[in-house]
Amino acid sequence: MAPRDDLGRQSHPAVAAAVAALTPSTEALRDLVRAFRSAMAAGLAGRPSSLKMLPTFVEQPRGDESGRVIVVDWGGTNGRVSVIELGGGDARMVAEDDFAFRESDRTGSAERVFDVIAGAVERVVRGESGPLPLGLVYSFPARLERVDRALALSLTKGWRTVGLEGHDVAELLRVALGRRGLGRVTVAAVANDTVAALILQSYRIRGHAAVATPAEVGLILGTGTNQAADLPGAGIRNHESGNFDGVEAVAAPWDRALDRELADPAPGAQRFEKMAAGGYLGEILRRAIVDLGRSTPLFRWAGSATDTPWSLDTVRLSGVAADESEDRSGTDEILRALGVISTLEERLAVRELARAVGGRAARLVAAALLGTLTFIDPELDSEHTVAVDGGVYGGYPGFAERVRDGLRELARAQRAGRVHLAYVKDSTSAGAAVIAAVAARRQA
Ligand code: GLC
């Protein structure tokens with residue numbers, strides 16, 4: 001049956017072909033599940049693999065961790081320092097201070113970066129007394145040697161900080177805190193955001209029932225995407241799954257072009273992330289539209305902002321996908337902001353494409369998640385909790401349900417039903433506070 005737009009009209013054949021290119025077959029996704037599992041095994045065994053499976057040295061919480069913890073969350077231009085109060089499985093933010101970097105700081109010294117961070121720490125601890133453990137969320141690649149020793153690997157997201165790569169970020173922060181006389185603040189742990197999500201959910205579960213099975217997977221679906229998992233015999237590992245390269249077989253022409261033309265992350269790097277995460281979904285849609293504008297009577301929008309790479313962000317894509325209005329006036333508004341006056345037919349076609357890009361992301365995420373879960377439990381005989389956070393998961397209409405659909409598509413319904421997706425909104429700082437509290441207890 002020929003594809004139809006959502007007013008039931010037959011899609012333009014070129015739009016239908018684009019949607020098909022953005023819709024991997026179930027069989028191809030099953031291959032992806034298997035490839036993901038193999039890449040995990042290779043990464044864990046230290047063989048060449050696109051999954052690094054980095055050790056985190058983080059242990060599951062008991063649920064009775066309590067007290068005040070400082071958390072620094074740094075992974076880009078903007079960051080945040082918070083004071084978090086832990087108790088009874090609950091993490092409450094009691095104070096916070098945002099910090100921002102200048103464009104020039106990206107290529108400046110590590111000393112300058114940590115000085116800005118230490119300045120923000122100084123502002124939030126002013127009202128606090130006594131020794132305070134600190135958790136640092138470092139959302140760049142790092143190789144941990146202990147929970148409180150993390151050697152920076154090469155930076156991403158356009159950062160080229162001098163004197164960072166190969167250095168311990170915890171120690172750099174300690175030194176910067178020392179310069180401000182903040183010796184009573186102890187850098188107790190460095191963690192990735194995926195691990196923070198996992199640990200926060202475990203803390204909530206065990207805060208209510210100490211013997212309960214903790215969360216086993218942490219998944220972030222925001223600007224970037226990544227998973228962490230508690231693996232039998234290997235402990236909690238940071239997959240850096242955004243780098244999984246088994247997606248080439250299901251890539252559409254626009255994914256390949258984007259990967260080729262982008263300098264950072266370099267071609268070949270972060271292939272999974274470039275097809276599934278918020279940093280890219282809007283741009284994939286824009287590229288599809290521009291291409292169709294060259295080969296069909298639709299989307300003759302040259303001269304508008306749609307010519308400009310990255311002008312169509314994922315928030316706009318989500319807005320189009322969510323637009324149920326008559327005449328698609330929401331989509332019209334979004335396109336007008338880009339300098340485009342569209343026909344109803346074009347708006348319906350954009351919506352079909354937006355939903356294809358968003359739906360594909362959810363199915364890819366489901367496949368990668370099943371890769372991890374079947375690594376832990378091949379037949380999915382037990383119940384599993386996955387802690388999920390991130391702007392795409394919370395912001396794209398029905399994303400959670402699409403991931404669940406994907407799980408049911410790829411695993412038998414009964415088994416898929418044993419996978420519980422727990423949305424842990426704003427988990428990063430709260431989860432890192434729990435990680436730091438667990439680490440501080442061990443170090444005490
Ligand atoms: C990127 C980072 C990774 C992080 C993810 C989600 O993939 O490399 O460390 O977990 O984004 O923020």
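A. Structural context of the overall build of the chain. Helix and strand counts for the chain come out as 15 helices and 13 strands. In summary, the chain has a C-alpha radius of gyration of 23 Å against a globular reference of 22 Å for 444 residues, a match within 12%. C-alpha atoms of the chain, sized along the principal axes, occupy 70 × 50 × 40 Å. Expressed as a percentage of the 444 residues in the chain, the buried residues total 56%. When contacts within the chain are restricted to residue pairs at least 6 apart in sequence, long-range pairs at least 24 apart make up 70% of them. Accessible surface for the chain amounts to roughly 17800 Å². Of this, 50% is attributable to carbon and sulfur atoms. Computed over 53 positive and 57 negative side-chain charges, the separation of the two mean positions in the chain equals 2 Å.

B. Local environment of the domain arrangement of the chain. When cut into domains, the chain gives domain 1 (1-55 + 195-426) and domain 2 (67-191). For domain 1 versus domain 2, the separation of C-alpha centres amounts to 30 Å. Each partner contributes residues to the interface: domain 1 has eight residues there, and domain 2 has 13 residues. In total, about 910 Å² of surface goes out of reach between domain 1 and domain 2, with carbon and sulfur atoms giving 57% of it.

C. Looking closely at helix 6 (residues 253-261). For helix 6, the full list of buried residues reads Trp-254, Asp-255, Ala-257, Leu-258 and Asp-259. Buried residues in helix 6 make contact with helix 1 (13-21), helix 7 (271-276), helix 8 (278-295) and helix 11 (344-376).

D. How the structure looks around the pairing of strand 5 (residues 132-138). Most of strand 5 is tucked away, with seven of its seven residues classed as buried. On strand 5, burial covers both faces: Leu-132, Leu-134, Leu-136 and Tyr-138 on one face and Pro-133, Gly-135 and Val-137 on the other are all buried. Note: strand 2 (residues 67-74) against strand 5, five bridges, orientation parallel. Across the sheet, residue Ile-70 finds its bridge partner in strand 5, namely Leu-134. As defined by bridge partners, strand 5 adjoins strand 8 (residues 185-191) across six bridges and the pair is classed as parallel. If you follow Pro-133 over to strand 8, its bridge partner there is Thr-186.

E. Just the nonpolar core, in detail. Grouped together as the largest cluster of nonpolar side chains are 78 residues, with contacts concentrated most on Phe-299, Val-386, Phe-399 and Val-403. Counting residues per element, this core draws most heavily on helix 11, at 17 residues. Leave out the neighbours within four places in its chain, and Phe-399 touches Leu-221, Gly-358, Ala-361, Ala-362, Val-392 and Tyr-393. Of all hydrophobic cores here, the second largest spans 38 residues; its members include Trp-74, Val-113, Ala-120 and Leu-182.

F. Geometry of the site of the ligand. Residues in close proximity to the ligand include Asn-192, Asp-193, Thr-194, Ile-220, Gly-224, Thr-225, Asn-226, Glu-240, Gln-270 and Glu-273, which together make up its full environment. Residue Asn-226 places a side-chain N or O atom 3.0 Å away from an oxygen atom belonging to the ligand. A total of 310 Å² of accessible area belongs to the ligand in isolation, and the protein chains cover 92% of it. Contributing elements (two or more residues each) for the shell around the ligand: helix 5 (193-208) and strand 10 (225-231).

G. Focus on the pattern of salt bridges. Counted according to the given criterion, the structure contains 42 salt bridges. Ionic pairing is found between Arg-180 and Asp-115, a salt bridge with its closest N-O pair at 3.5 Å. Of this pair, Arg-180 sits in the loop between helix 4 (169-179) and strand 8 while Asp-115 sits in helix 3 (residues 110-125), and the two are 65 residues apart along the sequence. Residue classification places Asp-115 among the partly exposed positions, given a relative accessible area of 29%.

H. Molecular detail of the sheet that holds strand 2. Strand order in the open sheet formed by five strands is 4-3-2-5-8, with mixed pairing between adjacent strands. Unpaired on one side and paired on the other, strand 4 (90-100) and strand 8 mark the two borders of the sheet. For this sheet the average axis-to-axis angle between neighbouring strands, irrespective of direction, equals 25 degrees. Packed onto the sheet, helix 5 meets strand 3 (78-87), strand 4, strand 5 and strand 8 and runs at close to 160 degrees relative to strand 4.

I. Here's a closer look at the sheet that holds strand 11 (residues 235-238). An order of 1-11-10-9-12-13 is seen for the six strands of this open sheet, with the pairing classed as mixed. What marks the edges here is a single partner per strand, and that holds for strand 1 (54-55) and strand 13 (419-423). Of the strand pairs in this sheet, strand 12 (residues 384-389) and strand 13 are connected by five bridges, and their pairing is parallel. Its bridge partner lying in strand 13, Ala-387 is registered against Ala-422.

Calculation rules
- Residues numbered from 1 in each chain as written.
- Predicted model: local features only at pLDDT ≥ 70, side-chain atom pairs only at ≥ 80, totals over all residues.
- Heavy atoms only, no water.
- Helix = DSSP H or I, 4+ residues; strand = E, 2+ residues; numbered from the N terminus.
- Rg over C-alpha atoms; globule rule 2.2 N^0.38 Å.
- Buried < 20%, exposed > 50% of the residue type's maximum accessible area, 1.4 Å probe, protein only.
- Contact = heavy atoms within 4.5 Å.
- Areas by Shrake-Rupley, 256 points an atom, 1.4 Å probe, with all protein chains shown as cover.
- Lys, Arg positive; Asp, Glu negative; His and termini not counted.
- Charge placed at Lys NZ, Arg CZ, Asp CG, Glu CD.
- Domains from an automatic or database assignment.
- Buried area = accessible area lost by both parts, 1.4 Å probe.
- Pairing = 2+ DSSP bridges.
- Core = buried A, V, L, I, M, F, W, Y, C linked by side-chain atoms within 4.5 Å.
- Near = heavy atom within 4 Å.
- Polar contact = N/O pair within 3.5 Å; in protein donor to acceptor, adjacent residues only side chain to side chain.
- Salt bridge = Lys/Arg side-chain N within 4 Å of Asp/Glu carboxyl O.
- Axes fitted to C-alpha atoms, helices over the stretch in contact; angles between N-to-C directions.

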